[in-house]
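Understanding the architecture of this molecule
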Amino acid sequence: MKNISNCEYCMNYSYDEDYECYTCEVNLDEDEMARFISGNFSQCPYFRMGDEYKIVRKQM
């Protein structure tokens, strides 16, 4: 199964106030970073579906 991803839904993709843009929090190597910047990172092995309600469900 391929890891098809969309960074906007990934838990590792968050807003960086210092750079004033969204960034990937994963420590990517040079080749991975080049693919990420060029927009050719559609099969990301680090993709984790973000679930903003996960904490709420645990509290219930």
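Residues numbered from 1 in each chain as written. Predicted model: local features only at pLDDT ≥ 70, side-chain atom pairs only at ≥ 80, totals over all residues. Heavy atoms only, no water.

1. So, unusual backbone geometry
Of note in the backbone geometry, Glu20 takes a positive phi value of approximately 55 degrees without being a glycine. Relative to the helices and strands, Glu20 is located in the loop between β1 (13–16) and β2 (21–24). Judged by its relative accessible area of 61%, Glu20 is exposed. (Helix = DSSP H or I, 4+ residues; strand = E, 2+ residues; numbered from the N terminus. Buried < 20%, exposed > 50% of the residue type's maximum accessible area, 1.4 Å probe, protein only.)

2. Things to note about the packing of aromatic side chains
Throughout the structure, instances matching the rule amount to three aromatic pairs. On the basis of an interplanar angle of 20 degrees and a centroid distance of 5.5 Å, the ring pair of Tyr13 and Tyr22 is categorised as stacked. Given a relative accessible area of 24%, Tyr13 falls into the partly exposed group. Ring centres of Tyr13 and Phe36 lie 6.4 Å apart, and the angle between their planes is 70 degrees; on these two criteria the pair is classed as edge-to-face. Of this pair, Tyr13 sits in strand β1 while Phe36 sits in helix α1 (residues 30–38), and the two are 23 residues apart along the sequence. A network of ring pairs unites the aromatic residues Tyr13, Tyr15, Tyr22 and Phe36 as a single cluster. (Phe/Tyr/Trp six-rings, centres within 6.5 Å; stacked < 30°, edge-to-face > 60°.)

3. Notes on the side chain of Glu32
For Glu32, the position within the fold is in helix α1. Lacking a salt bridge, the buried Glu32 has Arg35 as its closest oppositely charged neighbour, with an N-O distance of 4.8 Å. At 3.1 Å, the side chain of Glu32 and the side chain of Tyr46 are in polar contact. (Lys, Arg positive; Asp, Glu negative; His and termini not counted. Salt bridge = Lys/Arg side-chain N within 4 Å of Asp/Glu carboxyl O. Polar contact = N/O pair within 3.5 Å; in protein donor to acceptor, adjacent residues only side chain to side chain.)

4. Focus: the side chain of Asn12
Along the chain, Asn12 falls in the segment before β1. Side-chain polar atoms of Asn12 contact the backbone oxygen of Tyr46, separated by 2.9 Å. Among all residues touching Asn12, those that are not within four sequence positions of it are Thr23, Cys24, Glu25, Val26 and Tyr46. (Contact = heavy atoms within 4.5 Å.)

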